[in-house]
Amino acid sequence: MKRGIKVFALLVGIVLLMAVVTGCGSGKNNQQSEEGQVQSGGSEGSITAVGSSALQPLVEEAAKQFMTDNPKTQIVVQGGGSGTGLSQVSSGASDIGNSDVFAEEKLKAEEASQLVDHKVCVVGMAAVVNPDVRVDNVTQQQLIDIFTGKITNWKELGGADVKIQLVNRPSSSGTRATFKAIALKGAEEAKGIEQDSSGTVRKIISETPGAIGYLALSYLDGSVTPLKLDGIEPTKENIINGKYPVWAYEHMYTKGDATGLAKEFLDYMLSDDVQKSLVVDLGYIPSTEMQIERDVQGNVTPK
Amino acid sequence: MKKRLFYDKAGHGVTMLCAAFVIILTISIIYYIGSKGLSTFFSNEVSLWEFLFSDQWRPDRSPGEGGPQVGSLAFIIGSISVTLLSVAISAPLGVIVAVFIVEIAPGWGQRLLQPAVELLAGIPSVVYGYIGLSLLVPVIRSLFGGGGFSMMAGFLVLSIMILPTIISVSTDTLRAQPVEWKHASYALGATRWQTIRMAIIPAARSGLITAVVLGMARAFGEALAVQMVIGNTREIPTSILSPIMTLTSAITMDMGATVQGSIWNSALWSMGLLLLLMSLFFIMIVRCVVRRGAV
């Protein structure tokens, strides 16, 4: 009998726990959205920032510092990809949507027009090759020929006699979209192998003979060789002054103008605290230092 | 007496609640995946024929450039081929190991081999993928040429991953066979090999088929380890060494960067629905086999 009571109590406990957990979940959500609308000015309340895994490490670190300075605030940072970020902020499920691409490229025009863009930093990208191919400079036309499959062996470019192996990111990747639009001038890539994460791409290129791919500059670690494009090195300086063209903005979108805590946090992201230390440490380029600007169509103008 | 009645009723209620919860969960998941997956055909107006039998995957193109096309034939072929090849390796191997554990070396077979198999099942799939990426892919590249990322790497990794499923279900089946049959076979003067081949394995047939089908279902749904070693090329494979893409890897690669409601996102849900239907199909096979075996 005693054992029966115990088992019964356990079962009731489990059911209660389930009810409490689900109840809490929905309760918290309501609270969050209410606070997000009500709070204004004062540094308290909670917001969420969802999206781009490329931008996630920076936003996470910045949120950590911001919450240390403002203990009453709660900033929840989640990854999930640029598409998730854009659709979440557009539907109002998240306060801030992080993305590596312009909203206009992913969302319908009427949805994109409701979003306000905050460009927090810039990230450069380079074509990278396995060090054994002994090529470190290509012209843009040669790069296009490599990725469209016209050039198939590195000896055609004066390198080693190795077959070229393309390593792409999936076509949904922001890095790939940027690389294709700017470095390849929109040319359709030949089908190579695809890998999802930049870390895996780097590992594969460093181990596969004749491999070529592309990476954000923050992923370069010496195991792969970045290619110069028309003789110009992919460095921070060359991107800032507009000589090296392959780079993209990291966007943080809000639905309508940012208000309350979201505005405070975005201001903090653009402040010297973040731009001069975190952004540089994590391998991004501060948007405040850029001497040029680029719009959705890809037109570059001096700032 | 009254107290007992109360506990009886309450216990009944709690178990009913839990059972209902599971049923509701299953139905709502199927409904969710179904409604999301079918929206490709109803809201985005892609024909079922194009989705299943075209290999043109260009969801990012605008209508002006001949886009968006969401033919997933290349992924379906990738999934099916890698599953069948891995089962072709694992099914005989697994059944033989199970026979060895149960019939030939019951002593140390059970003490040593069974825990080893269970350990194999406990290794997370990302670890299998990482081993495949770091060891198997370079070996294939140097032995057979090509890039190394290939269907071959995929089914070798998978065949090891589904081995524990096949072995453990097979051993359970073999152990459940009535020992009298074995004794009867020996009494007729049959050798051990003849007993195993003519009496035990035929008697356990339906259980062994179940084991293989369960292994197949696992192979079909495995995403991560496969994705890391097959190279992921959106093309119909031409040889065992060509890189391929499976339904699961197509979903994991694209899901984060697509926007909900877009045709691209819906097409990924349709692939999820396809995987669900396939696993329902596998479960149905198992049920039929088990029922027929019982007669």
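Residues numbered from 1 in each chain as written. Chains lettered and ligands numbered in written order. Predicted model: local features only at pLDDT ≥ 70, side-chain atom pairs only at ≥ 80, totals over all residues. Heavy atoms only, no water.

An unreviewed UniProt entry annotates chain B as Phosphate transport system permease protein of Desulfoscipio gibsoniae DSM 7213. A UniProt comment under Function (unreviewed entry) is attached to chain B, and it reads "Part of the binding-protein-dependent transport system for phosphate; probably responsible for the translocation of the substrate across the membrane." Within the UniProt record for chain B, the comment given under Sequence similarities (unreviewed entry) is "Belongs to the binding-protein-dependent transport system permease family. CysTW subfamily." (UniProt positions renumbered as here; feature names shortened; annotations may be inferred.)

For chain A, an unreviewed UniProt entry supplies the name Phosphate-binding protein and the organism Desulfoscipio gibsoniae DSM 7213. A UniProt comment under Subcellular location (unreviewed entry) is attached to chain A, and it reads "Cell membrane".

Enquirer: Describe empty space enclosed by the protein, with residues and values.
Expert: All names here are of chain A. Under the defined criterion, the tally for this structure stands at three cavities of 30 Å³ or more. Each pocket or cavity is described by its volume, and for the largest cavity that value is around 40 Å³. If you go around the largest cavity, the residues you meet are A127, V138, L143, F179, A183, L227, K228, L229, Y244 and V246. Among the elements of the structure, α7 (174–183) and β10 (228–229) are those that each provide at least two residues to the lining of the largest cavity. For the lining of the largest cavity, the residue count by class is nine nonpolar, no polar and one charged. (1 Å grid on protein atoms, 1.4 Å probe; cavity = no way out; pocket = protein on both sides within 12 Å on 5 of 7 lines; lining within 4 Å. Points joined across faces, edges and corners; volume = space filled by probe spheres on them. Helix = DSSP H or I, 4+ residues; strand = E, 2+ residues; numbered from the N terminus. Nonpolar A, V, L, I, M, F, W, Y, C, P; charged D, E, K, R; others polar.)

Enquirer: Explain the interface of chain B and chain A residue by residue, including any values.
Expert: At the junction of the two partners, chain B supplies 34 residues and chain A supplies 33 residues. Taken together, both faces of the contact between chain B and chain A bury some 2700 Å²; the carbon and sulfur share is 60%. With its nearest N and O atoms 2.9 Å apart, the salt bridge here joins R234(B) to E194(A). Seen at the junction of chain B and chain A, the total is nine residue pairs in polar contact (both at pLDDT 80 or more). Elements with a contribution of two residues or more to the side of chain B that touches chain A: α1 (2–42), α5 (125–144), α10 (224–229) and α11 (247–254) of chain B. With seven residues, the top contributor of residues to the side of chain B that touches chain A is α1(B). (Contact = heavy atoms within 4.5 Å. Buried area = accessible area lost by both parts, 1.4 Å probe. Salt bridge = Lys/Arg side-chain N within 4 Å of Asp/Glu carboxyl O. Polar contact = N/O pair within 3.5 Å; in protein donor to acceptor, adjacent residues only side chain to side chain.)

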